[in-house]
Every structure is written in C-alpha cells, then in structure tokens.
Amino acid sequence: MAFKSEYLQKVYDKVCSRNKGEEEFLQAVREVLESFEPVVEKRPDIVEAGIIDRIVEPERFIQFRVSWVDDNGKVQVNRGFRVQFNSAIGPYKGGLRLHPTVCASVIKFLGFEQIFKNSLTGLPIGGGKGGSDFDPKGKSDGEIMRFCQSFMTELSKHIGADTDVPAGDIGVGAREIGYMFGQYKRLRNEFTGVLTGKGLSYGGSLARTEATGYGLCYFTEEMLNSMKNDSFKGKTVVISGSGNVAIYATQKATQLGGKVVALSDSNGYIYDPNGINLDVVKQIKEVERGRIKEYCDRVQGATYTEGCKGIWTIKCDIALPCATQNELDGESADALINNGVMAVAEGANMPSTPEAVEKFQAAGVLFGPAKAANAGGVATSALEMSQNSERLSWTFEEVDAKLKNIMVNIFHNSYNASKDFGVEGNLVAGANIAGFLKVADAMMWQGISY
Ligand code: NDP
C-alpha cells in the first residue's frame, strides 16, 4: 500500500533502494513510517529539518570476521555485526544476538526499533544492536568462551561505557556477557560498565534477568486496566518461547493471577491445562539447557506438539509472543481472535506480522507493540548503567519498583500520543510517535552533521 504522504513515500523508496533484499529492516521501517502520517502533517518543522530522512540511516554499521577454534581444533569463521543507529539522546544501547539467522537486515531492523524503544523508557540511551550468525546450540562451554572472546576482540574497538553499551538478546545470557566482559577488561585494562546483564558479583543489577518478562506483564496489566478496566486475574495466558523473556513473563503473569498454559521452543510447544510449573521449566531451560518437550516427561497431564505455530490455536484470553520475529502471522491471529483473545502484547521484537497486527486492531483486540511492551529489559539495563556510574547497587525491590513505574509511563505516553495525533487507542502508532518526538527534538538541537 502506498503512503498517503508523498514525502514519506519518497523516504521509504530511498530506504528500499539502499537496502535491497533486507526484508526485516524494510518491514520495520515501513511500520514506523506508516505511523508518521499524522506527524508529517502536524509538524512541518520535522520534515524541514530532514529528521526522518536521517533517522532511517544508521550513524554507523560495523561488520567483522570472527574466527575461533572449536573443540576438534578446527578453525571456524562467523560474521559479527554492530549497528550504531542513533545517539541523539544517549550512548548507543541494545542487545547482542547469537543465532544462525542473524544478518545485516535483522541487526538493522532491531537497531532501528531500539531507537524508539529506548526513547520511550524516558532514560538517556540511544539505539544500537549487534550479534553474529554463530549458533550457540550444542556448543561446549569452551567453544562459547572462545567465540565470545574473539567476538569482543573486534567489538571492543567500537564500544565503551559512554559510547555504546551492548547487552544480551537471543542466545546471549549471563554466561556469554561474562566471557565478553572479561575479554573487554583484559584488552582495555578498564573495569567499566561497558556491558549490561552482568553477573551480580561484578556490577550486574538485581532484577535485570527478570526485567523484560516482568515489564511486559506490568505493561499488559496497565493496558488491560486503563482500556478495559480488567486485569490478569483469572485469565488464561499463552506465551511462546521458553527463553529469558518467556520464563519471567510466565512468572509475573502467574503472580498477577493469570494461568499460563503453554510455552514453546523452535521445535514445538507444550500445553499444560493445570498451569505451567515454572520450577520444572527453569530446571530444564536454565540449568540443563534442554528442550521444552522434556517438560512432559516430568509433569503429568501436559502434552507436547511438534511445530511451534500451533501454539496460537490454544484458546486463551491473553497471548504474549516472546520467541522471535514474525512468529505470529495472519492465520494465527485469526485463530486467536476466533478463540476470543482480548489482549496481545509483544515480548519478542516484531513477533507479529503486519497482517496479524492489522487483524488484531480491526477486531478490537488490545495490542501492545514490542517497542513499548518489551522495553523493560533495556530500561533496567539503563538502571544498571546508573548503578555502575554511582558504583552502588540498588535492592531488587528498588529496581523492580522503578521498572514498574517506567512500564506504566510507557503505556500512558504511548496512549496519549495516539490521542494527540488522532489515532486514539492505536498503541503501535502511539509508541512510534512518542518515542520519535523526543529523538527528533534532540536531533534538531544538535544540528546537522550526520
Ligand atoms: P532466548 O534465547 O533466551 O530465548 C528465545 C526462545 O525463543 C527460545 O526458547 C527459542 O527456542 C525460542 N524460539 C526461537 N525461535 C522460535 C520460533 N520460531 N518459535 C518458537 N520459539 C522460538 O531469548 P530471549 O528470551 O532473550 O529473547 C526472546 C525475544 O525477546 C527476542 O525477540 C528478543 O529480541 C526479545 N527481547 C529480549 C530482551 C531481553 O532482555 N532478553 C529484551 C527485549 C526483547 P530454541 O531454544 O529452540 O531456539
């Protein structure tokens, strides 16, 4: 579909011609630019200053070779990336993803989204993202360490506590952050808060592990409360994935009175009508690094189905996609709607296809987009940066209370922006606009140099 604004169409056409074949990046840019139709009408000064032309082009994109030696003594070569997309409101900030699907398009889509997400948190952090096509699955600890050290040997030249502060994402948890932090310190002889998601014994923040999943539920609870006068209490919840975000979303949704009945991994999904036993999931995924299907060997009454898409055919009130991009398509959205889903909030980045989002909005399903709903992770990473700068650590309760407050504010800022720009209740547009305006303002103040 063409843009209504000729100007936005021109910007998008240029992005398409400059980034040919980068489907995920183009999808993310298109979704954001679509939200800007009312902005270009109301704010000609932003158009005049070329802010939108500039924001779709990364400030810097780094690609590098990562060579390492496997347990058989064989040399392996992967490709590493870091995109430093926008530093108007603070140092670049965004996770590192280790997954075989990582490529320039995926990193740029994630980095672009990160600009608006980070701005929405209200904290001073710019947008960045990175990673590698390295597949951590099935690798030994030694292989993971050697890969992380080699990756950081190059990355260390481009990052720093006041420049660019990476964190975890898919395939990067406390273990990988530890190896990378150790290598950075070794190379630079500096103990600084250059990474977040660190272990508690060397500068990590309490509640960072839980933050994205907890934040997602705080956001969803506020959305239910403000828009439907409702809550998690008594609701059936389906959550995809079984990694960091899914696990802690399950924990908080359960604490808030919901019953989580399904989780998945990239092979299939489990259904437990009695409510997921999270201790069992944590043992399998966090301790043994096993597969989700093992849950059914340990919990009576639970069933496993091969293939992950079927998870969306399970009847539920609230759906929280927490696995990966484009995991929930139009057909899955139809299944959820036909089963009476009332709210969908995205824990993963861009898990719903544009067709799915359209269907949810047309059916009046409450829809919390990723850059608002999953911003709790990066918000708490920024709180980790504050603690590192102060050389102090806050209690779990302090961090959790700040996180909750941030998520409630993100909901209201997104909602209010949707209202101010004539699309009340459309949180996709509201989140994009609210995130954008702050960055745009900072870019205007700083002049045109890049
Ligand atoms: P993890 O690596 O901890 O977990 C990812 C989970 O998703 C794994 O269980 C993985 O299964 C599963 N998965 C991957 N692909 C599919 C698929 N096609 N269908 C079903 N399950 C799948 O990553 P995180 O939990 O950290 O990240 C999940 C999502 O949340 C990502 O989109 C990430 O960008 C986003 N996010 C994460 C944040 C964080 O703080 N960690 C912050 C904000 C967003 P398998 O083991 O089989 O690969």
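A short tour of the structure in this document, coming up. Note on numbering: residues in each chain are counted from 1, in written sequence order. In view of the model being predicted, local features appear only for residues whose pLDDT reaches at least 70, and side-chain atom pairs are presented and counted only at 80 or more, with totals across whole chains, interfaces and linings using the full set of residues. Hydrogens and water are ignored here; the side-chain numbers use all heavy atoms of the structure.

## Concerning the sheet that holds strand β12 (residues 366-368)
Phase 1 of the analysis: Ordered by their spatial adjacency, 7 strands build an open sheet running β9-β8-β7-β6-β10-β11-β12, and the pairing between neighbours is mixed. Only two strands of the sheet have a single neighbouring strand rather than two, namely β9 (303-306) and β12. Across the sheet, the axes of successive neighbouring strands diverge by a mean angle of 15°, strand direction being ignored.
Phase 2 of the analysis: One requirement defines pairing of two strands: DSSP has to find at least two bridges between them. Think of it this way: any DSSP run of H or I at least four residues long counts as a helix, any run of E at least two long counts as a strand, and we number them from the N terminus. Sheet topology places strand β6 (residues 236-239) next to strand β10 (residues 318-320); 3 bridges connect them, and they run parallel. Across the sheet, residue Val-238 finds its bridge partner in β10, namely Ala-319. Interaxial angles span 0 to 180 degrees and are taken between N-to-C directions of axes, which are lines fitted to C-alpha atoms, for helices over the stretch in contact.

## What to know about the nonpolar core
Phase 1 of the analysis: Only buried residues count toward a nonpolar core, which is a set of Ala, Val, Leu, Ile, Met, Phe, Trp, Tyr and Cys residues joined through side-chain atoms within 4.5 Å. Each residue is assigned to one of three classes by its accessible area relative to the maximum for its type, calculated with a 1.4 Å probe on protein chains only: buried under 20%, partly exposed between the two thresholds, exposed over 50%. Judged by nonpolar contacts, the single largest core of 60 residues is most densely connected at Phe-219, Ile-239, Tyr-295 and Leu-320.
Phase 2 of the analysis: Among the elements that make up this core, the one with the highest residue count is helix α9 (residues 208-228) (8 residues).
Phase 3 of the analysis: Whether two residues are in contact is decided by their heavy atoms, any of which lying within 4.5 Å being enough. Dropping the residues within four chain positions of it, Phe-219 is found in contact with Gly-368, Ala-372, Ala-373, Met-407, Ile-410, Phe-411 and Leu-427.

## A look at the site of the ligand
Phase 1 of the analysis: For the ligand, the set of nearby residues contains 24 residues, the closest of which are Asp-169, Thr-212, Ser-266, Arg-291 and Asn-349.
Phase 2 of the analysis: Interatomic distance of 3.0 Å between a side-chain N/O atom of Lys-137 and an oxygen atom of the ligand.
Phase 3 of the analysis: Between an oxygen atom of the ligand and a main-chain N or O atom of Gly-243, the distance comes to 3.4 Å.
Phase 4 of the analysis: For the accessible areas, the method is Shrake-Rupley and the probe is 1.4 Å, while residue cover comes only from the protein chains on display. For the ligand, the protein covers 85% of the area, taking 900 Å² as the surface of the free molecule.
Phase 5 of the analysis: Broken down by secondary-structure element, the contributors of at least two residues to the shell around the ligand are α9 and α10 (244-255).
Phase 6 of the analysis: When grouped by side-chain class, the residues that make up the shell around the ligand number 6 nonpolar, 12 polar and 6 charged.
Phase 7 of the analysis: Segmentation into domains, and thus their bounds, comes from an automatic or database assignment. Looking at which domains feed residues into the shell around the ligand, each of domain 2 (60-191) and domain 3 (211-368) gives three or more. When we say a residue is near a molecule or strand, we mean one of its heavy atoms is within 4 Å of it. Polar contact is the term for a pair of N or O atoms within 3.5 Å; when the atoms are in protein, one must be able to donate a hydrogen and the other to accept it, and sequence-neighboring residues count only if both atoms are side-chain atoms. The nonpolar class holds Ala, Val, Leu, Ile, Met, Phe, Trp, Tyr, Cys and Pro. Asp, Glu, Lys and Arg form the charged class, and all remaining residues, Gly among them, are polar.

## Section: the packing of helix α2 (residues 23-35) against helix α18 (residues 427-446)
Phase 1 of the analysis: Packing of α2 against α18 leaves a shortest axis separation of 8 Å and a crossing angle of 90°. Looking at the two axes, α2 sits roughly perpendicular to α18. Here Glu-31, Val-32 and Ser-35 of α2 lie close against α18, whose contacting residues are Val-428, Ala-429, Asn-432 and Ile-433. In this scheme, roughly parallel covers angles under 35 degrees and roughly antiparallel covers those over 145, while 65 to 115 is roughly perpendicular and the rest are oblique.

## Points about the side chain of Asp-272
Phase 1 of the analysis: In this fold, Asp-272 is placed in the loop between β8 (268-271) and α11 (278-287).
Phase 2 of the analysis: Separated by 2.7 Å, the side chains of Asp-272 and Tyr-295 make a polar contact.

## Overview of the packing of aromatic side chains
Two numbers describe a pair of aromatic rings. These are the distance of the centres and the angle of the planes.
Phase 1 of the analysis: Aromatic rings from Phe, Tyr and Trp, with only the six-membered ring used for Trp, were paired whenever their centres fell within 6.5 Å, and each pair was classed as stacked if the ring planes differed by under 30 degrees, edge-to-face if by over 60, and tilted otherwise. Tallied over the full model, the rule gives 19 aromatic pairs.
Phase 2 of the analysis: Relative to Phe-151, the ring of Phe-64 lies with its centre 5.4 Å away and its plane at 45°, an arrangement referred to as tilted. Taken as a pair, Phe-64 in strand β1 (residues 60-69) and Phe-151 in helix α7 (residues 141-155) lie far apart in primary sequence, 87 residues in all.
Phase 3 of the analysis: Of the residues examined, Phe-151 reaches a relative accessible area of 0% and is grouped as buried.
Phase 4 of the analysis: Ring geometry for Phe-219 against Phe-411: centres 5.8 Å apart, planes inclined by 75°, an arrangement best described as edge-to-face. Within this pair, whereas Phe-219 is found in helix α9, its partner Phe-411 is found in helix α17 (residues 396-420), the two being separated by 192 residues in sequence.
Phase 5 of the analysis: Overall, Phe-219 belongs to the buried group, its relative accessible area being 0%.
Phase 6 of the analysis: Under the relative-accessibility criterion, Phe-411 is labelled buried at 1%.
Phase 7 of the analysis: Connected via pairs of aromatic rings, a cluster forms that spans Phe-25, Phe-36, Phe-85, Phe-112, Phe-116 and Phe-436.

Read these as layout, nothing more, since geometry by itself doesn't imply function.
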